[in-house]
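Residues per chain, in single letters:
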Amino acid sequence: ENFMDAFTMWFGLIIISTLIFNPVTRQILKKLLPQPGEGPSEKTRMEGFLCVSGYGIGVKGNKAESVMYFPQDGGYHSTARMLVESGLCLALDGEKHSYSDGGFYSPASIMCDPLVDRLVKTGSKFACAIERK
C-alpha cells in the first residue's frame, strides 16, 4: 500500500534469497526449517482455512470486490481440491466454458464460472460486489 511496505518486502526477499543461495547459510537454514514430512498435523490442516480477497478500481471509478473462502488448510487440502476440480472442469464441463475461436486462454478466463460453481458445491464460498459510478 505504500513505499515502506514495498521496500520491506523487497529487502526481505533479498535477505532470504541471499541466505538460501549462500552455501554456508543454506546449511544453517536446512537445520532450522521444517524437513519434508514435518508439516502441520492433520488436525491443524482440517481446522485451518484460507480466505482470498481481491479489490479493484477501474479507470472510470467503478469498484469491484471479491472474496473466496476455503474451509480447510489452503496449503494442502484446498489446493488439492482446486486442482482436482480444475481437471474435472476441463474434462467434463467443456460446453460451459466461455471462449471464442482462436487465441490463448488462461485457466481462469476459460473455466471461470464452471470452476467457481464446482468449488462452491464442494464447500467453498464466493462473494462478489460491484459499485458503479
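Summarised in this report is the structure supplied together with it. Quantities reported herein were computed from a predicted structural model and do not represent experimental measurements.

## Side note on the overall build of the protein
Summing up its helical and strand segments, the protein has 5 helices and 3 strands in all. Going from the N terminus to the C terminus, the protein shows its helices and strands as α-α-α-β-β-α-α-β. At 20 Å, the protein has a C-alpha radius of gyration far larger than the 14 Å of a compact globule built from 133 residues. Each principal axis of the C-alpha atoms in the protein carries an extent, and together these give about 55 × 40 × 35 Å.

## Topic: the sheet that holds strand 3 (residues 125-131)
Strand order in the open sheet formed by 3 strands is 1-2-3, with antiparallel pairing between adjacent strands. If you trace the sheet from one side to the other, it starts and ends with strand 1 (50-57) and strand 3, each paired once. Within this sheet the neighbouring strands show an average axis-to-axis angle of 10°, counted without direction. Pairing geometry for strand 2 (residues 63-70) and strand 3, over 7 bridges, is antiparallel. Bridge pairing links M68 to F126 in strand 3.

## Section: the side chain of E85
Mapping E85 onto the fold places it in helix 4 (residues 77-92). Residue class for E85 comes out buried when judged on its relative accessible area of 10%. Each residue touching E85, except ones within four places of it in the same chain, is listed here: L115, R118, L119 and T122.

## Comments concerning helix 1 (residues 3-21)
Its 19 residues place the ends of helix 1 27 Å apart at the C-alpha level, agreeing with the 27 Å of an ideal helix rising 1.5 Å per residue. Backbone nitrogen of M4 and a side-chain oxygen of the N-cap are separated by 3.0 Å at the start of helix 1; the cap is N2.

## Observations concerning the nonpolar core
By size, the foremost hydrophobic cluster in this structure holds 7 residues: M68, F70, C89, I110, M111, L115 and L119. Broken down by secondary-structure element, the contributors of at least two residues to this core are strand 2 and helix 5 (107-121). Per-element tally for this core: the top contributor is helix 5, with 4 residues. If near-sequence neighbours (up to four positions away) are discounted, M68 is found in contact with L50, C51, V52, L119, S124, K125 and F126.

## Focus: helix 5
The sharpest bend along helix 5 comes to roughly 60°, located at D113, with the proline P114 sitting one to four residues further on. Turning to helix 5, its buried residues are I110, M111, P114, L115, V116, R118 and L119. Among the residues trailing helix 5, G123 stands out with phi positive, at a value near 120°.

Calculation notes
Here the residue index of a chain counts from 1 through its sequence in written order. With the structure being a predicted model, the display of local features is reserved for residues of pLDDT at least 70 and the display and counting of side-chain atom pairs for 80 or more, all residues being used for whole-chain, interface and lining totals. Values shown for side chains rest on all heavy atoms present in the structure; no hydrogens or waters enter the calculation. Labels follow the DSSP assignment, with helices taken as runs of H or I lasting at least four residues and strands as runs of E lasting at least two, numbered in each case from the N terminus. Taken over C-alpha atoms, the radius of gyration is set against a globule rule of 2.2 Å times the number of residues to the power 0.38. When DSSP locates at least two bridges between a pair of strands, those strands are taken to pair. For helices, the fitted line uses only the C-alpha atoms of the stretch in contact; every axis is such a line through C-alpha atoms, and the angle between N-to-C directions lies from 0 to 180 degrees. Each residue gets one of three labels from its accessible area relative to the maximum for its type: buried under 20%, exposed over 50%, partly exposed in between, using a 1.4 Å probe on protein chains only. The criterion used for residue contact is that any of the two residues' heavy atoms lie within 4.5 Å. Expected span of a helix, by definition, is 1.5 Å for each gap between consecutive residues, and there is one gap fewer than residues. Any N or O atom pair separated by 3.5 Å or less is treated as a polar contact, with the protein-specific requirement of one donor-capable and one acceptor-capable atom, and with residues adjacent in sequence counted only for side-chain atom pairs. Here, the term nonpolar core denotes a set of buried Ala, Val, Leu, Ile, Met, Phe, Trp, Tyr and Cys residues that are joined through side-chain atoms within 4.5 Å. Bend angle per residue: angle between axes fitted to the 7 residues ending at that residue and the 7 residues starting there.

Nothing here speaks to function; it is all geometry.
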